[in-house]
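In case you want the letters, here they are:
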Amino acid sequence: MTAAGDGPWLDEAAGRLVRPFTVSNGRTRPSVALDLISQVMATGATPLGYLGPEHAQALDLCRAPVSVAEIAAHLMLPAVVTKVLLSDLVDCGALTTKPPEFHHNPTDRALLEAVLDGLRRQL
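Thresholds applied
- Residues numbered from 1 in each chain as written.
- Predicted model: local features only at pLDDT ≥ 70, side-chain atom pairs only at ≥ 80, totals over all residues.
- Heavy atoms only, no water.
- Core = buried A, V, L, I, M, F, W, Y, C linked by side-chain atoms within 4.5 Å.
- Buried < 20%, exposed > 50% of the residue type's maximum accessible area, 1.4 Å probe, protein only.
- Helix = DSSP H or I, 4+ residues; strand = E, 2+ residues; numbered from the N terminus.
- Contact = heavy atoms within 4.5 Å.
- Axes fitted to C-alpha atoms, helices over the stretch in contact; angles between N-to-C directions.
- Parallel < 35°, antiparallel > 145°, perpendicular 65-115°, else oblique.
- Nonpolar A, V, L, I, M, F, W, Y, C, P; charged D, E, K, R; others polar.
- Pairing = 2+ DSSP bridges.

Enquirer: Please explain the nonpolar core as it appears in this structure.
Expert: If you look at soluble globular proteins, the nonpolar side chains tend to sit buried side by side. Residues Val40, Ile71, Leu86, Leu89 and Leu95 are the most contacted members of the largest nonpolar core, which totals 18 residues. Counting only elements with at least two residues in this core, the list comes to helix 2 (53-61), helix 3 (68-75) and helix 4 (79-91). The element best represented in this core is helix 4, accounting for five residues. For isoleucine 71, the residues in contact, after removing those within four places along its chain, are Val40, Ala58, Leu61, Cys62, Val66, Thr82 and Leu86.

Enquirer: Looking at this structure, how should I read the packing of helix 2 against helix 4?
Expert: The geometry of a pair of packed helices is captured by two quantities: the angle between their axes and the separation between those axes. At a minimum axis distance of 10 Å, the contact between helix 2 and helix 4 shows a crossing angle of 75 degrees. One element, helix 2, and the other, helix 4, form an angle in the roughly perpendicular class. Where helix 2 abuts helix 4, its residues Glu54, His55, Ala58 and Leu59 lie against Leu85, Leu86, Asp88 and Leu89. For the contact of helix 2 with helix 4, the residue count by class is five nonpolar, one polar and two charged.

Enquirer: Looking at this model, I keep getting lost on the pairing of strand 3 (residues 39-42). Mind explaining?
Expert: If a strand is regular, its side chains alternate between the two faces of the sheet. Across two bridges, strand 3 lies against strand 4 (residues 66-67) in antiparallel orientation. Looking at the pairing, valine 40 lines up with valine 66 of strand 4. Looking at chain direction, strand 3 and strand 5 (residues 95-98) are connected through four bridges and run antiparallel. Within strand 5, the position partnered with alanine 42 by the bridge is leucine 95.

Here it is as C-alpha cells:
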C-alpha cells in the first residue's frame with residue numbers, strides 16, 4: 001500500500017492529473033543521447049540536489065540493466081519525457097548508460113523483411 005503522496009498522480013476517471021511534460025519541466029531534449037533500446041543501470045551514487053518523484057521511480061527501476069523503453073512503460077510516460085528524466089540521472093552520476101550493440105546491420109533489408117513476414121503471420 002502506498003501513502004497518499006506516493007506514485008503517479010492518477011484519477012480513475014481522468015487518468016494522469018499531471019501533464020507528462022510537467023515532469024521534465026517542459027524539456028523535450030535529453031542532455032545525453034539515448035535510444036529506446038539503450039541500457040541504463042544505477043551506479044549506486046546518490047543524486048545531489050532535489051529530483052522529482054519520477055526520477056526516484058526511474059532510478060529504482062534501474063537496479064539491473066534495463067532499456068529506456070521498459071522504463072517509459074513502467075512510468076507510463078512518453079519516451080521523450082523518460083529520456084529527459086534518465087539523462088538528468090546520468091548527468092548527476094546516478095545512472096550509467098550503454099548504447100545498444102548490434103552484431104548485424106539493423107537496417108538490413110533481409111532482416112526487416114523477415115520481421116515483417118513474422119508480423120504478418122501473427123495477424
